[in-house]
Amino acid sequence: MKIVMLTIGKTRSDIMAEGIGMYIDRINHYMPVEIRELPDVKTTKALTEARQKELEGQMIIDFLMPGDAMILLDERGRELTSREFSTFISKRMASGLKRLVMVIGGPYGFSPAVYERADGKVSLSRMTFPHEMARLILSEQIYRAMTILRGEPYHHD
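Residues numbered from 1 in each chain as written. Predicted model: local features only at pLDDT ≥ 70, side-chain atom pairs only at ≥ 80, totals over all residues. Heavy atoms only, no water.

Within the chain one finds five helices and five strands. Along the chain, helices and strands appear, N-terminal first, in the series β-α-β-α-β-α-β-α-β-α. Its C-alpha radius of gyration of 15 Å places the chain within 12% of the 15 Å reference for a compact globule of 157 residues. With respect to the principal axes defined by its C-alpha atoms, the chain has extents near 50 × 35 × 25 Å. Out of the 157 residues belonging to the chain, those deemed buried represent 46%. Put simply, 85% of the contacts in the chain that link residues at least 6 apart link residues at least 24 apart. Looking at the chain as shown, the accessible area adds up to about 8800 Å², and 52% of this sits on carbon and sulfur atoms. Between the centroid of the 22 positive side chains of the chain and the centroid of its 21 negative side chains there is a distance of 3 Å. (Helix = DSSP H or I, 4+ residues; strand = E, 2+ residues; numbered from the N terminus. Rg over C-alpha atoms; globule rule 2.2 N^0.38 Å. Buried < 20%, exposed > 50% of the residue type's maximum accessible area, 1.4 Å probe, protein only. Contact = heavy atoms within 4.5 Å. Areas by Shrake-Rupley, 256 points an atom, 1.4 Å probe, with all protein chains shown as cover. Lys, Arg positive; Asp, Glu negative; His and termini not counted. Charge placed at Lys NZ, Arg CZ, Asp CG, Glu CD.)

Tracing the backbone shows Pro 39 in the loop between β2 (33–38) and α2 (49–63). Distance from Pro 39 to Met 59, taken between C-alpha atoms, is 8.8 Å for residues 20 residues apart in sequence. When residues no more than four places from it in sequence are discounted, the contact partners of Pro 39 are Ile 8, Gly 9 and Met 59.

Next up on the list: helix α1 (residues 14–27). Taking 1.5 Å per residue as the helical rise, α1 with its 14 residues ought to reach 20 Å, and the 20 Å between its terminal C-alpha atoms agrees with that figure. The set of residues buried in α1 consists of Met 16, Gly 19, Ile 20, Tyr 23, Ile 24 and Ile 27. Projected down its long axis, α1 shows its buried positions confined to an angular sector of 135°, all on one face. Every exposed residue of α1 that faces more than 90 degrees away from the buried side is listed here: Asp 14, Ile 15, Glu 18 and Asp 25. Against the buried residues of α1 lie β1 (2–8), β2 and α5 (131–149). (Expected span 1.5 Å × (residues − 1). Arc of directions from axis to C-beta.)

Judged by nonpolar contacts, the single largest core of 27 residues is most densely connected at Phe 85 and Met 102. Among the elements that make up this core, the one with the highest residue count is α5 (six residues). Grouped together as the second largest cluster of nonpolar side chains are 14 residues, Val 4, Leu 6, Ile 60 and Val 101 included. (Core = buried A, V, L, I, M, F, W, Y, C linked by side-chain atoms within 4.5 Å.)

The residue Ser 111 is located in the loop between β4 (99–104) and α4 (112–117) in this model. Beyond its immediate chain neighbours, meaning those up to four positions away, Ser 111 contacts Lys 53, Glu 54 and Gly 57.

This is the structure we're talking about:
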């Protein structure tokens, strides 16, 4: 299985990009993973929040391939411990899934069409994080899940 972290917009902070890159490199020792950045929608005064979500949503849906499982990082998603998240990943790996696409949306969240297509929602926390930080946290948690599954000492209970 391959994990794709799909995001709206680029990671602009060098510190965040460095941290994300470090975890992506580490994860690739266990399984293929990549981060794909879709372009920001150019905002104008005439562009409503709903229309921006719709345009971003279409890019997200267009990115998907048949058979992909799409999990949204969403504040209303299921909160998991690191161990539960590792089990979540493990079950998808065992199912024969080719690509698990984990999506971090734009500033206003997801369009109704994206919610309809989604195979699930996960929340990183009940707190709100900047999207770039959510990318870093997600990449670290995927790495942590891999070390838990391998019984390595990175995670301490």
